[in-house]
Amino acid sequence: MSDYRIQGETGEWEVVIGLEVHAQVTSNAKLFSGAATAFGAEPNTQVSLVDAAMPGMLPVPNRECIRQAVRTGMAIEAQINKWSRFDRKNYFYADLPQGYQISQLYHPIVGEGAIDISLDEKNPDAAGKRIGVQRIHVEQDAGKLMHDQHPTQSYVDLNRSGVALMEIVSKPDLASPAETGAYLRKLRSILRYVGSCDGNMEEGSMRADVNVSVRKPGHELGTRTETKNVNSVRFVMAVVEQEAKRQVEVLEAGGKIQQETRLYDPDRNETRSMRSKEDAHDYRYFPDPDLLPLVLDDAFLEECRASLPELPDAKRARYEALGITAYQATVLTAEVEAARWFDALLDAGVKPAAAANWTTSELFGALNRTGKDILNSPVSPAQAAELLGLIADGTLSGSLAKQVFEVMLETGDGAAKVVEDRGLKQTSDTGAIEKVIAEVMAANADKVADYRGGKDKLFGFFVGQTMKAMGGKANPAVVNEVLKSALGESVAP
């Protein structure tokens, strides 16, 4: 349980949160038409006669959209309803050509499921919570009103009209901004692994309606508000915090919370009232007479389940079983592209622990530094495997490997080519190393005497001087061994 509380003048208050996440289905067409769904197209260039609600046009369900919703339900171990039905949700707005939205109220395609979240990313096993999912239903999106194209008029863009959405409704199991953020990140990760939604919140293909209420600990649920269309994890967390504080202030001042729809202003970091919140009966739902019920057969369900990839939790457990730390496994599985890149590195034969250490430190550090992501990494898994292989066989020391990696980032060349072209191969030639060590000791006779007199910490000085003299190309293990002998220490057999 969360210990998050809001401290008011009358004592502590609990926050109760539920999310309704609208996820645009990855598909080659809209839910009931063959129109395209590409982001950023010119206004009204992706609109079929069905989307524009021309008379006589009948909807035909897109099989792929149904398939993706079923696969998403299976990924969260939810009940898949073999019989479901579309309903009409009636309301009138300028960007809704039909005067109603085709949705699923009474018989959704996916029933109850759950998503496990971690509350400590650096120690994933320290704390966790299971968040219930009440349902996933499929519905069509509305169009978009554009208010900034004309000084006195609003334009309508119907490109989004009819786009397939999954509405993923959580139970009111969330109790803090941190839990809400963890849930939304985990849900986004699952959707991206499954491939049912690209999760691009900045493009509007995944957005959340945030339901918030407050109550005294142990009391009945309070009246909730719904903040619509929040399009980032950070903003969702801010909505929870600010709206909960606002409600506490209203209640402690003797006021009442109105059931209403609100909007979030990120510039002012505040929510503000938009309209009173309707109940289901206000939309006069009834079964859509143009659409037969959806009936899913066992063969279809089996194909959906067989198509599921290894999901984040299973992949993390597999990585940990390979000897990778829980934290590294969490980092590597957070984004599907990074996990796929890392799997390719393992498939190339690199030992798991070495692969994880290098990927989470060297590669991710370099990508962050250069403002790139794993999809446009200049270094491929095959090239990384080559580099790590040269470290493992003693061709490169750690410091030389860093130099080689920097060149690889700049040029895109493979590790072996960089080593050959730049002469960066590590030397284990005992004779050459002995010669340099003799020169270093001769130039620092006083420090040799001090070392032999008991100043053991000077050993690092001699290692550094030797490595410097050899341009960092000496094998550190050989340097250590030869130095111990030269300085008068016995070398373990």
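Scoring rules and cut-offs
- Residues numbered from 1 in each chain as written.
- Predicted model: local features only at pLDDT ≥ 70, side-chain atom pairs only at ≥ 80, totals over all residues.
- Heavy atoms only, no water.
- Domains from an automatic or database assignment.
- Contact = heavy atoms within 4.5 Å.
- Buried area = accessible area lost by both parts, 1.4 Å probe.
- Salt bridge = Lys/Arg side-chain N within 4 Å of Asp/Glu carboxyl O.
- Polar contact = N/O pair within 3.5 Å; in protein donor to acceptor, adjacent residues only side chain to side chain.
- Helix = DSSP H or I, 4+ residues; strand = E, 2+ residues; numbered from the N terminus.
- Pairing = 2+ DSSP bridges.
- Core = buried A, V, L, I, M, F, W, Y, C linked by side-chain atoms within 4.5 Å.
- Buried < 20%, exposed > 50% of the residue type's maximum accessible area, 1.4 Å probe, protein only.

Undergrad: How should the domain arrangement of the protein be read in this particular structure?
TA: Accessible area lost upon the coming together of the parts is a frequently used measure of interface size. When its domains are assigned, the protein resolves into domain 1 (6-300), domain 2 (310-422) and domain 3 (430-489). Listed by partner, the interface residues are 13 residues for domain 1 and 17 residues for domain 2. For the domain 1 and domain 2 pair, buried surface summed over both sides reaches about 1200 Å², with 53% attributable to carbon and sulfur atoms. If you look at where domain 1 meets domain 2, you find 4 salt bridges. Of the charged contacts in the structure, one is a salt bridge between Arg192 and Glu337, with a shortest N-O distance of 2.7 Å. At the boundary of domain 1 with domain 2, the tally comes to 6 residue pairs in polar contact (both at pLDDT 80 or more). The greatest single-element share of the side of domain 1 that touches domain 2, amounting to 7 residues, is contributed by helix H2 (residues 177-194).

Undergrad: Before we go on, may I ask you to explain the side chain of Gln68 in this structure?
TA: Structurally, the position occupied by Gln68 is in helix H1 (residues 63-75). In terms of polar contacts, Gln68 uses its side chain to reach the backbone carbonyl oxygen of Gly195, at 3.3 Å. In contact with Gln68, other than residues within four places in its own chain, are Val25, Thr26, Met166, Gly195 and Ser196.

Undergrad: Help me out: how do you make sense of the sheet that holds strand E4 (residues 87-90) in this one?
TA: Read across the open sheet, the 3 strands follow the order E5-E4-E15; overall the sheet is antiparallel. The sheet is open, and its two borders are formed by strand E5 (100-103) and strand E15 (286-287), each paired with just one other strand.

Undergrad: Which parts of the structure should I look at to understand the nonpolar core?
TA: Looking at soluble globular proteins, one finds that nonpolar side chains tend to be buried together. Ranked by internal contacts, the top residues of the largest apolar core, which has 104 residues, are Ile168 and Tyr183. Composition of this core by domain shows at least three residues from each of domain 1 (6-300) and domain 2 (310-422). Listed in part, the 18 residues of the second largest apolar core include Val436, Leu458, Phe459 and Val463.

Undergrad: Can you walk me through the pattern of salt bridges in this structure?
TA: If charged atoms from side chains of opposite charge come close, those side chains can pair. Under the criterion given, the structure shown has 34 salt bridges. Ionic pairing is found between Asp288 and Arg88, a salt bridge with its closest N-O pair at 3.1 Å. Of the two residues, Asp288 is situated in the loop between E15 and strand E16 (294-295) and Arg88 in strand E4; the sequence distance between them amounts to 200 residues. By the burial criterion, Asp288 is buried, and Arg88 matches it. Linking Asp116 and Arg130 is a salt bridge whose minimum nitrogen-to-oxygen distance equals 2.7 Å. Of this pair, Asp116 sits in strand E6 (residues 113-118) while Arg130 sits in strand E7 (residues 128-140), and the two are 14 residues apart along the sequence. Residue classification places Asp116 among the partly exposed positions, given a relative accessible area of 30%. Through salt bridges that share partners, Arg188, Arg192, Glu335 and Glu337 make up one connected network.

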